[in-house]
Amino acid sequence: MTFLIFNKHSLKITAFLISLIFIGSCKKETVRQPVYAQKEVTIEYKISPYKNVITGGDIIYTDENGVVTVADKRTLPFSRKFKRNIKRSAILSLGIIAEYAGSVKMEILVDDQVVSTLISNSMLSKKEMIRYTITLPQE
């Protein structure tokens, strides 16, 4: 009888020790999110008449908060300059819905360097839009 009690007791102790070892050896894996530094850049949009003078229209652009904004009934030339913190990348869009037929020259500048230029190769007519999108990679 004593032999069976000893075995049951030692089995409980052994099981308890094994469970402690098992629980102690299991470490929670921490998932590390990559940390990206933010970079402040100066963004400037420019739209100017190119041929068959367009006097103005609705300007569409991505603002300093990354929101697509519509500036109604603006005269050309149009320019908008602001600073924006960029994390990883950003999409910059620029467009116009022209009031009259003609061609425009659009430029996107980042830190005073032209990163994109678009000269419309077709005659814009009322309620047509051109748009250029650029992605800025994180440095």
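Caption draft 1: Layout of the packing of aromatic side chains. Under the defined criterion, the tally for this structure stands at 3 aromatic pairs. For the ring pair Tyr45 and Tyr61, a centre distance of 5.7 Å and an interplane angle of 50 degrees mean the geometry is tilted. Of this pair, Tyr45 sits in strand β1 (residues 38-51) while Tyr61 sits in strand β2 (residues 56-62), and the two are 16 residues apart along the sequence. Look at Tyr61 and you get buried, because its relative accessible area is 7%. Ring geometry for Tyr45 versus Phe82: centroids 5.9 Å apart, planes at 55 degrees, classification tilted. With Tyr45 in strand β1 and Phe82 in strand β4 (residues 78-87), the pair connects residues that are 37 residues apart, well separated along the chain.

Caption draft 2: Local environment of unusual backbone geometry. Omega for the bond connecting Leu76 with Pro77 falls within 30 degrees of zero, at 5 degrees, which places this linkage in the cis form. Here Pro77 shows up in the loop between β3 (68-75) and β4. Backbone geometry places Lys73, a non-glycine residue, at a positive phi of 45 degrees. Position of Lys73 relative to the elements: it lies in strand β3. Overall, the relative accessible area of 65% leaves Lys73 in the exposed class. With a phi close to 50 degrees, Asp111 is a non-glycine residue in the positive phi region. By secondary structure assignment, the location of Asp111 is in the loop between β6 (103-110) and β7 (113-119).

Caption draft 3: Fine view of the side chain of Glu44. Relative to the assigned elements, Glu44 resides in strand β1. This buried residue, Glu44, is left without a salt bridge; Lys81 holds the nearest opposite charge, at 4.1 Å. For Glu44, the side chain forms a polar contact with the side chain of Ser79, separated by 3.3 Å. Excluding its chain neighbours within four sequence positions, the residues that come into contact with Glu44 are Ser79, Arg80, Lys81, Glu107, Ile108 and Leu109.

About the cut-offs
- Residues numbered from 1 in each chain as written.
- Predicted model: local features only at pLDDT ≥ 70, side-chain atom pairs only at ≥ 80, totals over all residues.
- Heavy atoms only, no water.
- Phe/Tyr/Trp six-rings, centres within 6.5 Å; stacked < 30°, edge-to-face > 60°.
- Helix = DSSP H or I, 4+ residues; strand = E, 2+ residues; numbered from the N terminus.
- Buried < 20%, exposed > 50% of the residue type's maximum accessible area, 1.4 Å probe, protein only.
- Lys, Arg positive; Asp, Glu negative; His and termini not counted.
- Salt bridge = Lys/Arg side-chain N within 4 Å of Asp/Glu carboxyl O.
- Polar contact = N/O pair within 3.5 Å; in protein donor to acceptor, adjacent residues only side chain to side chain.
- Contact = heavy atoms within 4.5 Å.

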